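# Residue-level structural notes
Take a look at the letters that make up each chain.
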Amino acid sequence: MARKLALRDALNEAMSEEMRRDETVFLMGEEVAEYNGAYKVSKGMLDEFGPKRVIDTPIAELGFAGIGVGAAMNGLRPIVEFMTWNFAVLAFDQIVNNAAKTLSQSAGEFQCPIVFRGPSGSAGQLAQQHSQTFESWMANVPGLKVISCVDPADAKGLLKAAIRDNDPVCMMESEMMYGYEAEVPEGEYLVEIGKAAVRREGTDITLVTFNKMIFPTLEAAELLAKEGISAEVIDLRTIRPLDHKALVDSVKKTNRMVVIDESWPFAGVSAEIAYEIQKYAFDYLDAPVTRVNAADTSLPYAPTLVEAYLPNAAKIVEAAKETLYLNA
Amino acid sequence: MESGMDTATEKKKTTKSRSKKPAYSKEQYLEWYELMFRIRKFEERALMMYGQQKIRGFCHVYIGQEAVAAGMESAIRKEDAIVTAYRQHGTALGRGCDTNACMAELYGKKTGIVKGKGGSMHFFSAEHRYFGGNGIVGAQIPIGTGIAFAEKYKGTDNLCVTMFGDGAARQGALHESFNMAMAWKIPVLYIVENNGYAMGTSVERTSNVTELYKMGLAYDMPSEVVDGMSPEAVHEAVSRAAEHIRAGNGPYYLEIRTYRYKGHSVSDPAKYRTKEEVQQYKDRDPIKITEQTILDHKIATAEELKEIENKIKEEIKEAVKFAEESEFPDASALWEENYVQADYPFIKD
C-alpha cells in the first residue's frame, strides 16, 4: 500500500526509522531539535528520541561537521543537517579533507560513516549566496558519495541506505520541494545508491536530470509529446557514483541526449555525462549531446533575472529540438 | 614566551618543572626516559634518512617536545583516544605504535603503519586508539571533540586528548569546538603544544593574546600552563585534567610550553630565531634533565640507563633495516581504501 507523503515527511521517516533501528544514529544541526527543523524535516524527532540524539548546534558549521566526523570515526553514525548546502561551504574542510579521506589516509584503520544532508539549489528569490547547487563540487571528491533526489519515495529509501552506508554520503534536497507530495510505500525498503530511475519511457531523445529539475524536464517531455516527439526522462537520483550504464543504454535506444542540470555549466555534472556518452555511445549518437544549465553567472534577486538564470521547460524543449535538428 | 609565563594572572596555575624530590617510581622514570629516548633517536634517524632521500614529502620532527608525549601517556589510559596534527611521530610512538611500522611508513613501504598511504603526517592505529596524524592545521580540534562526544554518547568514561600547535590555536575551529565542548560537557582534553612558532611566525606576531591558555578562559574552561620540558609536570597536569574530565565535568585545556630544536619541517633552516634562544631550551632538554634526576636521586644507575639507550639504538637500527627491506605498495593499492564499498565503480578512463 502506498500513501501520499511530502518530501520532508518521507525524509523524517527515513531518519526516524533508522534511529529506532540503530542506537548509534543521531541527528545534529542548526534548529533540528526544539524548532523542529528550519524546514520541519525533523519535526517531532526531539520528542521521540530526546536531546541526546537530536541535537541543536550553535551556528558553527565547521565545528559541528568536524564533531560529526570525529564521532563517525569513533563508532557512531551521525546525520549532520545543514540548513542549506550554501552554509556547508564553511564545513567543506571537514567534508573534503577529513570525511572523504579518513579511510584512505588511515589505510582502513578508521571509517567515516556519516551523512551530510540539506537543501541545495535555488529556492525562489534568495539571491546570490543562498541559491547555489553543490552536487558537482562534492561529486568531484573521491571518498564521498552524492545523492540528489526530491522524489519522496526514492529520497526516503536513499536516505535510509545512506545512513547504513559505511562511506560518507552527501545528500542534496530542495527547499522548494520539501512540501512536494507523492506516493511513498508503507513499510521497510531501501533504494540502492548509484542507480538512476527512468521517470518516463521514450524512443526519440533522452532527457537526463536530477533534483527538482525533474519537474521542468517532465513538463518539457509532455510538450514534446504533443509535437509527436517521444522523450525518455532519466532521474539520476545519485550523482556519485553515476549510473553510466543507464545513460548509455538509453542513448543506444534514442540516439540523442540533453542534460538538464541546475548547476553551472563549467566542469559540472552535465559535462561529465557528455564525456561519458561521447566515449561510450559515440557510434549511437545522431547529434551532439547538449545541455541546459543554470546561467554561467551568479543568481541575482529580481524575478526576471531568476527566470533568465534557471532552466525551464521552454529552454529544455528548445535544446531537445536543436538535438533533433527541428529548430527552424 | 618565558616572560609571559612569569607575568600570567593569578587565575593560572603553572605546573612547575622538576619537583625537588622525585615523586614517581623507578619504573615511571625509566619508562619516561625510554620513550623520550626512543622518540629522539627515531627522529634523528628520520632526519638522516630524509637527507639520503630515503624519506620524502613533508617531515616534521618532534625533537625537543618529547616530554609532552611521555608525561601525557603515563597520565591517561590506553582506552583513551588521541588525535593530533602532523608533527606526530612522537605521539604515535608514545601510544605504543610499532617502531618498525612507523619507520616503514616514513619510507612509504607497504609494511608501514598505514601501508605507505599516509607518510610522515598520517599515522593511524585503531588498536592504539590513535586517530592520527592530521595535515590541516586545526582541523583535528573539532574531530577530537567529536571522538570524545562519541565516548560520552556510548557512556564510557574515556576521554579524547586533542592536541594541536600554537599555530592551530588561531583557527576558528578551536573556538567553535571549545564552545560546543563546554556547552555539552564533552570529555575532551585539549592540549596546545606551544613551541613558540607557527612555522616561521612567532606566537607574539599572530595575536595580541600570546598566552594561549587564556583562550580557554573565554569559555569558562579550566585552563592551565604547563612546563613542557618536564615529563613530571606534564604528567601531573594531565592527571589532574583527566580526573576532572572523567568526573563528568567537561573539557580541560592545557597550554604546554615546549620547544622544537629543529625547523618547522626538514626544509626549514629556522632563521627566524636566535642560536641563544635554541640553546636556552637545549639547556633544559627533557631527556638530559630526566637523566639528571634519575642519577642525582639514585633512582637508577648510569649502567641501567646505558642499557636502555643501547636497546633503543638497536631498535631504531632494526626499524631502518625493516623499512629498507620492505616493499613499496603495489600500484593496485591505489584503488583500495577509498570506499568501504568493495565494488565501488571508479571512473578509470
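Residues numbered from 1 in each chain as written. Chains lettered and ligands numbered in written order. Predicted model: local features only at pLDDT ≥ 70, side-chain atom pairs only at ≥ 80, totals over all residues. Heavy atoms only, no water.

If you check an unreviewed UniProt entry, chain A appears there as Pyruvate dehydrogenase complex E1 component subunit beta from Phaeodactylibacter luteus. Under Cofactor (unreviewed entry), UniProt gives the following word-for-word description of chain A: "thiamine diphosphate". (UniProt positions renumbered as here; feature names shortened; annotations may be inferred.)

Before going further, it helps to spend a moment on the interface of chain B and chain A. With 39 residues of chain B at the interface, the matching set in chain A holds 53 residues. For the pair chain B and chain A, the summed buried surface comes to about 3700 Å²; carbon and sulfur atoms form 64% of the total. Counting across the chain B and chain A interface gives zero salt bridges. Linking chain B with chain A are 22 residue pairs in polar contact (both at pLDDT 80 or more), by the criterion used here. Of all the secondary-structure elements, those providing two or more residues to the side of chain B that touches chain A are β3 (130-133), α6 (140-154) and α7 (172-183) of chain B. A total of 10 residues in the side of chain B that touches chain A trace back to one element, the largest contributor, which is α6 of chain B. (Contact = heavy atoms within 4.5 Å. Buried area = accessible area lost by both parts, 1.4 Å probe. Salt bridge = Lys/Arg side-chain N within 4 Å of Asp/Glu carboxyl O. Polar contact = N/O pair within 3.5 Å; in protein donor to acceptor, adjacent residues only side chain to side chain. Helix = DSSP H or I, 4+ residues; strand = E, 2+ residues; numbered from the N terminus.)

Residue Pro 241 of chain A is bonded to the preceding Arg 240 of chain A through a cis peptide linkage, with omega at 0 degrees. Along the chain, the position of Pro 241 of chain A falls in the loop between β12 (238-240) and α10 (244-254). Gly 132 of chain B connects to Gly 133 of chain B through a cis peptide bond whose omega is 25 degrees. Its place among the elements puts Gly 133 of chain B in strand β3. Within the chain, Glu 31 of chain A stands out as a residue other than glycine whose phi angle is a positive 65 degrees. Given the relative accessible area of 36%, Glu 31 of chain A is considered partly exposed. (Buried < 20%, exposed > 50% of the residue type's maximum accessible area, 1.4 Å probe, protein only.)

What follows deals with the sheet that holds strand β9 (residues 197-200) of chain A. Residues and elements named next belong to chain A. In spatial order, the strands read β9-β11-β10-β13-β14; together these five strands make up an open sheet with mixed pairing. With one partner strand each, in any of the chains shown, β9 and β14 (290-293) form the two edges of the open sheet. Going across the sheet, the axis of each strand differs from the next one's by a mean of 25 degrees, ignoring polarity. Here strand β10 (residues 205-209) pairs with strand β11 (residues 231-235) via five bridges, running parallel. Note that in β11 the partner of Thr 209 across the bridge is Asp 235. Strands β10, β11 and β13 (257-261) of the sheet are contacted by α10, whose axis makes an angle of about 175 degrees with β11. Across the sheet, helix α11 (residues 269-280) lies against β10, β13 and β14, angled at about 160 degrees from β13, the strand it touches most. (Pairing = 2+ DSSP bridges. Axes fitted to C-alpha atoms, helices over the stretch in contact; angles between N-to-C directions.)

This next bit is on the domain arrangement of chain A. All names here are of chain A. The domains assigned to chain A are domain 1 (2-185) and domain 2 (197-323). Counting residues at the interface gives 32 residues for domain 1 and 26 residues for domain 2. Here domain 1 is connected to domain 2 by two salt bridges. Arg 199 serves as the salt-bridge partner of Asp 154, at 2.7 Å between the closest nitrogen and oxygen. Inspection of the domain 1/domain 2 interface yields 13 residue pairs in polar contact (both at pLDDT 80 or more). When residues of the side of domain 1 that touches domain 2 are traced back to their parent elements, those giving at least two are α7 (135-139), β6 (145-148), α8 (152-164) and β7 (169-173). In terms of residue class, the side of domain 1 that touches domain 2 is made up of 15 nonpolar, 12 polar and five charged. (Domains from an automatic or database assignment. Nonpolar A, V, L, I, M, F, W, Y, C, P; charged D, E, K, R; others polar.)

On to empty space enclosed by the protein, then. Here the structure, examined in full by the defined rule, presents three cavities of 30 Å³ or more. Considered as a void within the structure, the largest cavity measures approximately 60 Å³ in volume. Here the lining of the largest cavity spans two domains, since at least three of its residues come from each of domain 1 (2-185) and domain 2 (197-323) of chain A. Of the volumes computed, that of the second largest cavity is approximately 40 Å³. If you trace the second largest cavity, you find it lined by Ala 99, Ala 100, Leu 103, Gln 111, Cys 112, Gly 143, Asn 166, Asp 167 and Pro 168 of chain A together with Asn 338 and Val 340 of chain B. When grouped by side-chain class, the residues that make up the lining of the second largest cavity number six nonpolar, four polar and one charged. (1 Å grid on protein atoms, 1.4 Å probe; cavity = no way out; pocket = protein on both sides within 12 Å on 5 of 7 lines; lining within 4 Å. Points joined across faces, edges and corners; volume = space filled by probe spheres on them.)

Residue and element names in this part refer to chain B. For helix α13 (residues 302-325), with 24 residues, the first-to-last C-alpha span of 34 Å sits near the 34 Å given by 1.5 Å per residue. Among the residues of α13, Leu 305, Ile 308, Glu 309, Ile 312, Ile 316, Ala 319, Val 320 and Ala 323 are the ones counted as buried. Each element contacted by the buried residues of α13 is listed here: α2 (26-51), α5 (99-106) and α12 (286-296). (Expected span 1.5 Å × (residues − 1).)

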